[in-house]
Amino acid sequence: MPERPNGDRSIRFAKLLETIRRMARLPEHDDFYIDAKTAANSEAIVAVLWNNFELDAPKMFPHEGDSLVLTWDSTVLKRLLTIADEDLDLLEMNKKSKVRCEQELSFKSPDDLKNWIMQLGGLPSAKSDISAADVP
Amino acid sequence: MFPNDLLCRSILFPKSWPNDVFDIEALLRLDSVDKNVHALSVASRYLLETVDGAHKYGCRAAVAGNKRLEEKNQRPPAPVAEAIHYLGFYDMRYGAVTDISLNYYEIQIRWRFENGEDAHFQIELHPKSGDSTERQRKAERAAARALLATCLAGPYRHICACDEAFRQDLETIEMTEFAFEQLGMI
């Protein structure tokens, strides 16, 4: 069934994109500022997650002005995806044992993006055509 | 300090604001204190003595922050929209923080007298010797924020007397709750 534009997931993704745009417009000294390149890459990734995969909307936090971290939280695991320029770093952490697994990724092509989203456990949605995704 | 001593992290809105868009790590921003060291400001609950003492510490931090905003902008910050409001604090156990193990950084908790505050401490990340790239260190600093978040318990909510007029706005702000069992007291 197609997702409703006013469904909870859509609202969360739309809010995320709007907030990323606003963060890039903040003054550089603001705690929530991220640079324009990081914002553009983050927007592209979030849009692909939203439209091409069946993955819950992440939360996020700005990291040191030049990167943005998307987060997924479950009872046991926390996943962080750090986006800085063309670098992507994926961290999976068991919240109780603190054991963690780190991976350096990049997204120079749509296939890269597809591969790591599959690792996140996000199934491509049936209507998805990832090769047509607008990846910088 | 002893393993079961508590450190508190003030919740200053909107400067460090977790909500349905921002995750709790937004509250745990690591500031660069020199070229290599990154730090998170906290306060000792032992030195602040009571929950009320911890709230007064947070109120003073908000007042100082607003004073800096006023000096910078040559006008008082607009309440709620611009001004910093103290909303309470989260606890962290000293031992839980020092138990965090990182690949490229060593965590140290140091007493750092600041702005006349005796109770001010910093959770500091000092680089370990050995090879690592800036990308690895940066990713690990993000990981450190997530690991520190697993140590939080609370919040203890509070509205300052100076914010009484905005109580309704401030009380409706949602805060992530972390069970006090998460403190892992022995």
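Residues numbered from 1 in each chain as written. Chains lettered and ligands numbered in written order. Predicted model: local features only at pLDDT ≥ 70, side-chain atom pairs only at ≥ 80, totals over all residues.

### A few points about the overall build of chain B
When you go through chain B residue by residue, the secondary structure sums to five helices and seven strands. When the helices and strands of chain B are listed from N to C terminus, the series reads β-β-β-α-α-β-α-β-β-α-β-α. Here chain B has a C-alpha radius of gyration of 17 Å; the compact-globule value for 186 residues is 16 Å, and the two agree. Dimensions along the principal axes, computed over C-alpha positions, put chain B at roughly 55 × 40 × 35 Å. Long-range contacts, defined here as pairs at least 24 residues apart, represent 71% of the contacts in chain B between residues at least 6 apart. (Helix = DSSP H or I, 4+ residues; strand = E, 2+ residues; numbered from the N terminus. Rg over C-alpha atoms; globule rule 2.2 N^0.38 Å. Contact = placed C-beta atoms within 7 Å.)

### Observations concerning the environment of Ser106(A)
Residues and elements named next belong to chain A. Its location among the elements puts Ser106 in strand β6 (residues 100–106). On the basis of neighbour counts, which here come to 13 C-beta atoms within 10 Å, the residue Ser106 falls in the partly exposed class. Ser106 sits 17 residues away from Asp89 along the chain, and the two C-alpha atoms are 7.9 Å apart. Contacts of Ser106, omitting those with residues within four sequence positions, involve Glu86, Asp87, Leu88 and Asp112. (Buried ≥ 20, exposed ≤ 12 C-beta atoms within 10 Å, placed from the backbone.)

### With respect to the interface of chain A and chain B
Listed as interface residues are 24 residues of chain A and, on the opposing side, 16 residues of chain B. Sorting the residues of the side of chain A that touches chain B by element identifies α1 (8–24), β2 (59–63), β3 (67–73), β4 (77–84), β5 (87–94) and β6 of chain A as the ones contributing at least two each. Residue composition of the side of chain A that touches chain B, grouped by class: eight nonpolar, five polar and eleven charged. (Nonpolar A, V, L, I, M, F, W, Y, C, P; charged D, E, K, R; others polar.)

### Re unusual backbone geometry
Residues and elements named next belong to chain B. Looking along the chain, the bond that leaves Gly154 and enters Pro155 is cis, with omega of 10°. Residue placement: Pro155 occurs in strand β7 (residues 153–157). With a phi angle near 70°, Glu49 is a residue other than glycine that sits in the positive phi range. Locating Glu49 in the fold gives a position in the loop between α1 (45–48) and α2 (51–73). Accessibility expressed as a C-beta count within 10 Å gives 11 for Glu49, which makes it exposed.

### Points about the sheet that holds β4(A)
Strand order in the open sheet formed by five strands is β2-β3-β4-β5-β6 (chain A), and the pairing between neighbours is antiparallel. The open sheet is flanked by β2 and β6 of chain A, the only strands paired with a single partner. For this sheet the average axis-to-axis angle between neighbouring strands, irrespective of direction, equals 20°. Pairing of β5(A) with β6(A), which is carried by seven bridges, proceeds in the antiparallel orientation. When the sheet's bridge partners are listed, Asp89(A) is paired in β6(A) with Glu104(A). Sheet strands touched by helix α2 (residues 36–52) of chain A: β3 and β4 of chain A. Its angle to β4(A), the strand with the most contacts, is close to 130°. Contacts from helix α4 (residues 134–149) of chain B reach β2, β3, β4, β5 and β6 of chain A within the one sheet, and its direction differs from that of β4(A) by about 140°. (Pairing = 2+ DSSP bridges. Axes fitted to C-alpha atoms, helices over the stretch in contact; angles between N-to-C directions.)

### Things to note about α4(B)
An ideal rise of 1.5 Å per residue puts 22 Å on 16 residues; α4(B) measures up with 23 Å between its terminal C-alpha atoms. Taken as a whole, α4(B) has its buried residues at Ala139(B), Glu140(B), Arg141(B), Ala142(B), Ala143(B), Ala144(B), Arg145(B), Ala146(B), Leu147(B), Leu148(B) and Ala149(B). (Expected span 1.5 Å × (residues − 1).)

### Considerations on α2(A)
Relative to the 24 Å expected for 17 residues at 1.5 Å per residue, α2(A) spans 24 Å between its end C-alpha atoms, a close match to the ideal helical length. Along α2(A), the residues that are buried comprise Thr38(A), Ala39(A), Asn41(A), Ser42(A), Glu43(A), Ile45(A), Val46(A), Val48(A), Leu49(A) and Asn52(A).

### Describing the pairing of strand β3 (residues 38–44) of chain B
Residues and elements named next belong to chain B. With six of seven residues buried, β3 lies mostly within the body of the structure. Where strand β1 (residues 6–13) and β3 come together, two bridges link them in antiparallel fashion. Across the sheet, the residue bridging to Leu7 is Ser44, located in β3. Taken together, the two bridges between strand β2 (residues 31–32) and β3 define a ladder with antiparallel strand orientation.

### Some words on the nonpolar core
All names here are of chain B. Ala43, Val97 and Leu148 are the most contacted members of the largest nonpolar core, which has 73 residues in total. For this core, the element with the most residues is α4, which contributes eight residues. Setting aside anything within four residues of it in sequence, one finds Ala43 in contact with Leu7, Cys8, Leu48, Ala54, Tyr57, Ala119, His120 and Phe121. (Core = buried A, V, L, I, M, F, W, Y, C linked by C-beta atoms within 7 Å.)

Scope: geometric values only; no functional claims are made or implied.
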